[in-house]
Amino acid sequence: MITVEQVRALTRTLPRTSEHLIRDHVKFRVGSIVYVAFSRDETVMGFAFPKEERAALVASEPAKFHLPRESDMRFNWVHAWTAALDEPEMRELVTEAWRMVVPKKVAAARLGDL
């Protein structure tokens, strides 16, 4: 099980990230683009994920991942149950979500790849 505190600790290391509390939801964003958000009760973590790959992710582990509500399907977004995630998996999901929203040079400087 992962917590907001664990995600917060990771996002503090990711350049250009800011944290916001919006209608009792903790959200992490770069500029105006949210790349990770939590439900009010912190049982669900939503994160940026390529639209074309999300159905396969959900199908691969339906007890862990699920699609957002219909009105949010237009976004590059997937949900995960926080109780089903471990820390290494959370680190990968959050880092890849962050990579989707920052300039390539910023990601390369932080992650050491081009």
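Residue positions are counted from 1 within each chain, in the order its sequence is given. With pLDDT at 70 or above as the cut-off, local features in this predicted model cover only qualifying residues; side-chain atom pairs require 80 or more to be listed or tallied, and sums for whole chains, interfaces and linings still use all residues. As a rule here, side-chain values come from all non-hydrogen atoms in the structure, and water together with hydrogens is ignored.

Along the chain, the position of T82 falls in the loop between β6 (77-81) and α3 (87-101). Take T82: its relative accessible area is 2%, and that puts it in the buried class. Side-chain atoms alone can form a polar contact between residues adjacent in sequence; in general such a contact is a pair of N or O atoms within 3.5 Å, and within protein one must be able to donate a hydrogen while the other accepts it. Looking at T82, its side chain comes within polar contact range of the main-chain oxygen of E42, at 3.0 Å. Whether two residues touch is decided by their heavy atoms; if any such pair falls within 4.5 Å, the residues are in contact. If we ignore the near neighbours within four places in the chain, the residues touching T82 are M1, I2, F38, E42, T43, V44 and M45. Each helix is a run of DSSP H or I of at least 4 residues and each strand a run of E of at least 2, with the numbering of both proceeding from the N terminus. Note on exposure labels: buried denotes an accessible area under 20% of the residue type's maximum, exposed denotes more than 50%, and partly exposed covers the range between, all computed with a 1.4 Å probe on protein chains only.

Here the focus is the sheet that holds strand β5 (residues 65-66). What the six strands build is an open sheet, ordered β1-β2-β3-β4-β6-β5; its pairing is antiparallel. The sheet is open, and its two borders are formed by β1 (17-22) and β5, each paired with just one other strand. When β1 meets strand β2 (residues 25-30), the two strands line up antiparallel, connected through six bridges. Along β2, the bridge assignment pairs I22 with H25. Angles shown run from 0 to 180 degrees and are taken between the N-to-C directions of axes, each axis being a line fitted to C-alpha atoms and, for helices, limited to the stretch in contact. Against the sheet, α3 engages β1, β2, β3 (33-38), β4 (44-48) and β5, with an angle of about 155° to β3. For two strands to pair, DSSP has to find at least two bridges joining them.

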